[in-house]
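Summary of structural features
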Amino acid sequence: MAITRVFDLLPYNLEKFPMGDMLAYKENGAWTKYESKQVTDIIDNVSHGLLELGIKKDDKVAIMSGNRPEWNFCDFGIMQIGATQVPMYPTLSDTDIEFILKDAEIKMVFVSDKDIYHKIEILKEKVAPDLIVYTYDKMKGAKHWSEVVELGKKHQEPNLQEYRDKIQPDDLLTLIYTSGTTGTPKGVMLTHGNLISNVMESSKLYPAEIKRALSFLPMCHIFERMVVYMYFYLGISVYYAQSMDTIVADMQDVKPHCFTTVPRLLEKVYDKIVAKGAELQGIKKGIFYWALDLGLKYELDGANGWWYETKLKLARKLVFSKWREALGGEIIAIVSGGAALQPRLARVFWAAEIKILEGYGLTETSPVITVNFPMPGGTKFGTVGPVLTGVSVKIAGDGEIMVKGPNVMKGYYKREDATKEALDAEGYFHTGDIGELVDGKYLRITDRKKEIFKTAGGKYIAPQTLENKFKESPLIEQIIVIGENERFPAALILPAFDALKGWCAKKGIKYTTKEDIITNAQVIEKYQREIDRYNVGFGHWEQVKKFELIADEWSIATGEMTPKLSLKRKVILKKYDKLVVKIYQSATPHA
């Protein structure tokens with residue numbers, strides 16, 4: 001059957017892969033599983049219920065929830081009657097929620113829990129008093145989403161096929177509002193055709209033996225959403241983790257063959273593994289570091305020769321097998337996106353037979369533009385992989401990556417000005433990222449165009465490249481490189497406090513509070529040595545000359561990080577403006 005619209009995936013899945021666990025969700029310690037037929041029936045009932053409630057083609061319906069099967073039920077229920085789904089992060093600020101409700105003229109919103117429900121109920125009075133709110137969790141006084149399902153069961157007319165037949169591939173599927181850190185959020189208009197093009201081409205690069213996936217990245221982001229659509233197409237069961245805190249336990253339960261993630265989580269996994277290795281004694285410790293060193297030198301397709309491969313086989317048996325066990329024991333591939341991955345992590349995980357497939361894309365490109373894949377010649381470390389078939393990439397004169405293809409958005413909602421600015425006359429989209437094609441095939445991202453800054457001396461600095469290198473230090477949790485229009489680059493550093501505590505214990509330094517320890521002279525000296533170590537390899541003008549340690553945790557909740565766990569630079573600079581002033585008041589930077 002032809003698949004041209006996203007909801008076409010449902011009958012295709014039912015026909016080709018009728019599963020007992022198409023979707024599963026862990027709640028109160030137990031997994032609830034949904035069969036393919038059950039999923040389709042619930043979705044159809046949601047569609048009928050929405051029609052009965054007066055939702056029409058092109059009406060906007062929002063979902064503000066974490067990952068759970070209800071997300072999929074409502075998403076498909078909305079799309080197959082021609083309405084437009086608007087995903088909203090549960091962590092959005094009140095200002096952004098108000099803007100989206102008003103700008104998209106949202107008629108109905110599905111929310112997960114009481115906290116979001118109460119927030120929406122308060123905010124809707126200002127901008128959308130007629131907004132209908134349904135909850136996924138049952139709570140007194142609130143409409144529960146099952147009421148929509150029950151309404152749909154009672155009202156099975158008109159025939160849903162009549163609605164499906166009227167929907168074209170170029171019709172609007174979803175309206176996704178991008179982060180408003182650089183101004184007012186913009187609604188990205190993505191069509192059925194945009195997503196289907198991405199699903200079809202991405203699915204060709206996925207290992208055929210994958211049958212079970214764990215999902216924990218937010219479905220509100222197009223990366224996880226497209227991947228889940230792809231899972232449906234490939235007949236892969238989707239298990240939703242209960243929360244970010246339960247991922248390790250959920251992996252032991254599910255034994256997933258794959259999952260998607262962001263580099264920050266892989267960095268944390270790696271740091272924990274290395275910290276445990278450091279606690280080993282005697283020969284076990286020696287073997288661990290031997291295997292780790294071997295892994296960090298890994299090259300693809302046996303390029304290191306038979307002797308290296310022989311040693312690696314032993315390392316996999318003695319050490320790396322335990323890494324796989326920590327991820328459930330059956331992991332085949334992990335797809336990483338959203339930010340730059342340190343090449344050393346890709347190497348060492350591949351050595352451990354955990355294939356990290358780094359990709360690249362944006363909300364505006366549905367999202368995949370390029371991705372590494374596990375077939376011979378499909379991966380190159382330090383790159384985000386080959387360009388997806390059917391997508392065209394060119395590098396502009398200033399190094400900006402330009403993209404054209406069936407995955408590129410229709411435009412920004414109600415923003416012709418922004419759309420014209422983003423798309424050139426030939427239909428190429430300005431990504432805002434700087435990059436280069438390696439060997440004419442693999443894309444390497446060097447930095448964000450907007451994040452590159454110039455020092456007072458006229459030298460250009462690419463902060464992301466520096467930050468990625470410095471985060472190789474087990475003592476650095478997060479770092480932001482600064483210095484626009486200043487004499488030299490500097491940094492604000494959030495220490496990895498668990499690792500720092502261990503270092504202090506070895507050195508006999510009394511560790512009391514985070515606030516106290518970052519002022520300790522020996523600790524500051526240690527971080528200076530770390531900075532000096534990782535500065536090597538960068539030009540003198542690029543090297544971080546001064547730094548300040550900070551004690552605050554950076555998170556999505558406190559506003560310093562996006563839902564993709566990348567830094568909100570403007571927010572951080574504003575929050576620590578006094579520290580920045582302090583750094584540059586001193587006349588003599590560290591040489």
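For the structure given in this document, a descriptive report is provided here. Quick caveat: nothing in here was measured; it's all calculated off a predicted structure.

**A closer look at the sheet that holds strand 10 (residues 212-215)**
In any sheet, the strands associate via hydrogen bonds between backbone groups, in a parallel or an antiparallel arrangement. Read across the sheet, 8 strands follow the order 2-1-11-10-12-13-14-15 without closing on themselves; strand pairing throughout is mixed. Each edge of the sheet is formed by a strand with only one pairing partner; in this case those strands are strand 2 (30-34) and strand 15 (368-371). Direction aside, the axes of adjacent strands within the sheet are offset by 25° on average. Sheet topology places strand 12 (residues 258-261) next to strand 13 (residues 333-336); 4 bridges connect them, and they run parallel. What sits directly across from T260, in strand 13, is V335.

**Remarks on the pairing of strand 3 (residues 60-64)**
Among the 5 residues that make up strand 3, 5 are buried, leaving the element largely enclosed by the rest of the structure. Relative to strand 4 (residues 84-87), strand 3 is paired through 4 bridges, and the arrangement is parallel. Following the sheet pairing, V61 is matched in strand 4 by Q85. Following the backbone out of strand 3, through helix 3 (residues 69-79) and into the adjacent parallel strand 4, one traces a crossover that is right-handed. The pairing of strand 3 with strand 5 (residues 106-111) spans 5 bridges and is classified as parallel. Paired with I63 across the two strands is F110, which belongs to strand 5.

**Here we look at the packing of helix 13 (residues 306-326) against helix 14 (residues 343-351)**
It is the contact of helix 13 with helix 14, at a shortest axis distance of 9 Å, that shows an interaxial angle of 105°. By the angle between their directions, the pair helix 13 and helix 14 is classed as roughly perpendicular. Contacts between helix 13 and helix 14 involve L312, R316, F320 and W323 from the first element and V348, F349, W350 and A351 from the second. Looking at the contact of helix 13 with helix 14 residue by residue, the classes come out as 7 nonpolar, no polar and 1 charged.

**A few points about the sheet that holds strand 16 (residues 392-395)**
One open sheet holds the 4 strands; their spatial order is 16-17-19-20, and the pairing between them is antiparallel. Either end of the sheet is taken by a strand with one partner, and the two such strands are strand 16 and strand 20 (442-448). Each strand axis lies, on average, 50° off the axis of its neighbour in the sheet, ignoring direction. As defined by bridge partners, strand 16 adjoins strand 17 (residues 400-404) across 4 bridges and the pair is classed as antiparallel.

**Quick look at the packing of aromatic side chains**
In this structure the tally under the stated criterion is 21 aromatic pairs. Arranged with centres 5.7 Å apart and planes meeting at 65°, the rings of W306 and W307 form a pair that is edge-to-face. Pair check on accessibility: W306 and W307 agree, each one exposed. Taken together, the ring pairs in this structure connect Y34, F73, F110, Y134, Y136 and W145 into an aromatic cluster. Here the guanidinium or amino end of K186 rests over the ring plane of Y412, the centre of that ring lying 5.0 Å away.

**Side note on unusual backbone geometry**
The peptide bond linking E157 to P158 adopts the cis configuration, its omega dihedral lying at 0°. Relative to the elements of secondary structure, P158 occurs in the loop between helix 6 (146-154) and helix 7 (160-165). The amide bond that connects S366 to the next residue, P367, takes the cis arrangement and shows omega of -10°. Checked against the element boundaries, P367 lands in the loop between strand 14 (355-361) and strand 15. Positive phi outside glycine occurs at E353, with the angle close to 65°. By the secondary structure assignment, E353 is in the loop between helix 14 and strand 14. Phi at N485 takes a positive value of approximately 60°, unusual for a residue other than glycine.

**Brief notes about helix 19 (residues 521-535)**
Between its first and last C-alpha, helix 19 extends 21 Å over 15 residues, near the 21 Å set by a 1.5 Å rise per residue. Elements in contact with the buried residues of helix 19: helix 16 (463-470), strand 23 (476-482), strand 24 (490-495), helix 17 (497-507), helix 18 (514-517) and strand 25 (546-549). At the N-terminal boundary of helix 19, the capping side chain belongs to N520, with an oxygen 2.8 Å from the backbone nitrogen of Q522. Phi turns positive one or two residues past the end of helix 19, at G537, with a value near 105°.

Analysis parameters
Residues numbered from 1 in each chain as written. Predicted model: local features only at pLDDT ≥ 70, side-chain atom pairs only at ≥ 80, totals over all residues. Heavy atoms only, no water. Pairing = 2+ DSSP bridges. Helix = DSSP H or I, 4+ residues; strand = E, 2+ residues; numbered from the N terminus. Axes fitted to C-alpha atoms, helices over the stretch in contact; angles between N-to-C directions. Buried < 20%, exposed > 50% of the residue type's maximum accessible area, 1.4 Å probe, protein only. Right-handed = clockwise from strand over helix to strand, strands pointing away. Parallel < 35°, antiparallel > 145°, perpendicular 65-115°, else oblique. Contact = heavy atoms within 4.5 Å. Nonpolar A, V, L, I, M, F, W, Y, C, P; charged D, E, K, R; others polar. Phe/Tyr/Trp six-rings, centres within 6.5 Å; stacked < 30°, edge-to-face > 60°. Lys NZ or Arg CZ within 6 Å of the ring centre and 35° of its normal. Expected span 1.5 Å × (residues − 1). Polar contact = N/O pair within 3.5 Å; in protein donor to acceptor, adjacent residues only side chain to side chain.

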